[in-house]
Amino acid sequence: MAILLQPYHLSHYKTAPLDFSLIPNSNLLRLIQSWQLHKPSSTKSVEQNPKHESWSTLSMLLEEIKQPHLQVKSLRKIKTLIHDNDGSRTFGLGDNVLFSSVASLIAKSELPAGHGSSIITNEALSVLCLLKPSDETLKIVSQNGNGLLIGSLCTIMTKQDLKKFFESMSEILKDQNSKHGSMAVLIILMELLPFGENKEKAIKGGSIPILVELLAENSERRTCEMMLVVLEKLCRKAEGRTAFLAHPIGLAAVSSKILRVSHVGNDKAITLLLWVVRFCKSSEVAQEFIEVGGVAKVFMLVQSGCDSTTKDKAMEILGFHKIKWSKAPCFPSILGA
């Protein structure tokens, strides 16, 4: 049986007119939020993830600092961003990305000096002061280009008034937030102290009392050697010896490291003590030195078969207050004769 399909009139296919009216933003927002409530696994919105905006801004700024004409402006924005994020330093970019990018500007400071380059360097340094890189990041960045960053920092510092710098170095040592950071500071100090008035500035910056306390607490060979090297350089100055003797455990801390660190440590400790007893001949210093066991340690070093140079220095120390020290029961009778 054939089925006859009756054709519909065209009017049957007419649809309702389209609605082109706008939906208010507030309604749209409510719809989106309602959808998010029913989709708990969905990604958080930018509004619910406030760090997303900081991450995006920082990524953009890190691209901008590659362009010389935008570097100063970008570095200042990065500083503001760090301050505004309640101590957050990386914003999800990874610990070394931000630090490495800013440090690279300082490592390039060998470019011809000028007003612009000076501002860029100062801004980059101020950003680095706000950052707290991990030990691994600091180690990697410091070693890049065979220590180019350390060399650039030394070059910059020798051209500027360094009192504030040495105060900052002392604070880094005092905080002890990073072993590699402390080692980097000690390396920088060893490189800088021989030049100009850097010893005086380091002394005024408070380096000596901090180094004395750290030396007393530390037993790691390389760290103790470096601290003794720095302290010995500082005690070549009268102000350094005064600051050293002013610390209640100065003599005790250095004496305790004799025969307990290394040959280098022995020599630096003896040299430091020689500077002190040679120029500070008061009976109080002589009495304290024997009370903290310093005289006994120096004599033990002489008996240990140390190298001739160190032995000569030790014998000179023992000769300065021999009359006073010979009256003490712990003074070796062989030297009292």
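The structure contained in this document is the topic of the report that follows. (Residues numbered from 1 in each chain as written. Predicted model: local features only at pLDDT ≥ 70, side-chain atom pairs only at ≥ 80, totals over all residues. Heavy atoms only, no water.)

1. A look at the pattern of salt bridges
Where we set the bar: Take a side-chain nitrogen of Lys or Arg and a carboxyl oxygen of Asp or Glu: if they are within 4 Å of each other, that pair is a salt bridge. Only DSSP runs of H or I covering at least 4 residues are called helices, and only runs of E covering at least 2 are called strands; the numbering of each starts at the N terminus. Residue burial is assigned from relative accessible area. The probe radius is 1.4 Å, only protein chains are included, and a residue is buried under 20% of its type maximum, exposed over 50%, and partly exposed in between.
Scanning the entire structure with this criterion turns up 9 salt bridges. One salt bridge connects Glu123 with Arg76, and the closest N-O pair in it is separated by 3.1 Å. With Glu123 in helix α5 (residues 115-130) and Arg76 in helix α3 (residues 71-84), this pair connects stretches of sequence that are 47 residues apart. By relative accessible area, which is 11% here, Glu123 ends up buried. With a relative accessible area of 42%, Arg76 lands in the partly exposed category.

2. Observations regarding helix α17 (residues 308-320)
Basically, it comes down to this: To estimate how far a helix should reach, multiply one less than its number of residues by 1.5 Å. In this description, one arc is meant: the one made by directions from the helix axis to the C-beta atoms. Under this definition, polar contacts are N or O atom pairs within 3.5 Å; protein pairs additionally need one hydrogen-donor-capable and one acceptor-capable atom, and for neighbouring residues in sequence, both atoms have to be side-chain atoms.
Taking 1.5 Å as the rise per residue, α17 with 13 residues should run 18 Å; its terminal C-alpha atoms sit 19 Å apart, in good agreement. For α17, the complete set of buried residues consists of Thr310, Ala314, Ile317 and Leu318. All buried residues of α17 lie within an arc of 95° about the axis, which places them on one face of the element. Opposite its buried face, α17 presents the exposed residues Ser308 and Asp312, each directed more than 90 degrees away. One side-chain oxygen of the residue at the start of α17 lies 3.2 Å from the amide nitrogen of Thr309, identifying that residue as Asp307.

3. What to know about unusual backbone geometry
One non-glycine residue, Leu259, lies in positive phi territory at about 70°. Within the fold, Leu259 resides in the loop between α13 (250-256) and α14 (263-279).

4. Side note on the environment of Met169
Position of Met169 relative to the elements: it lies in helix α7 (residues 163-175). Classification of Met169 as buried rests on a relative accessible area of 9%. When the C-alpha atoms of Met169 and Ile188 are compared, they prove to be 9.1 Å apart, with 19 residues separating the residues in sequence.

5. Focus on the environment of Ser100
Relative to the assigned elements, Ser100 resides in helix α4 (residues 95-107). A relative accessible area of 26% places Ser100 in the partly exposed class. A sequence separation of 41 residues divides Ser100 from Val141, and the C-alpha atoms of the two residues are 6.2 Å apart.

6. Some words on the environment of Pro194
For clarity, the threshold we go by: Any two residues whose heavy atoms approach within 4.5 Å are treated as being in contact.
Among the structural elements, Pro194 can be located in the loop between α8 (179-192) and α9 (198-204). Judged by relative accessible area, which is 45%, Pro194 ranks as partly exposed. Taking the C-alpha atoms as reference, Pro194 lies 9.6 Å from Leu234; in sequence the two are 40 residues apart. Ignoring anything within four residues of it in the chain, the contact list for Pro194 reads Lys199 and Lys233.

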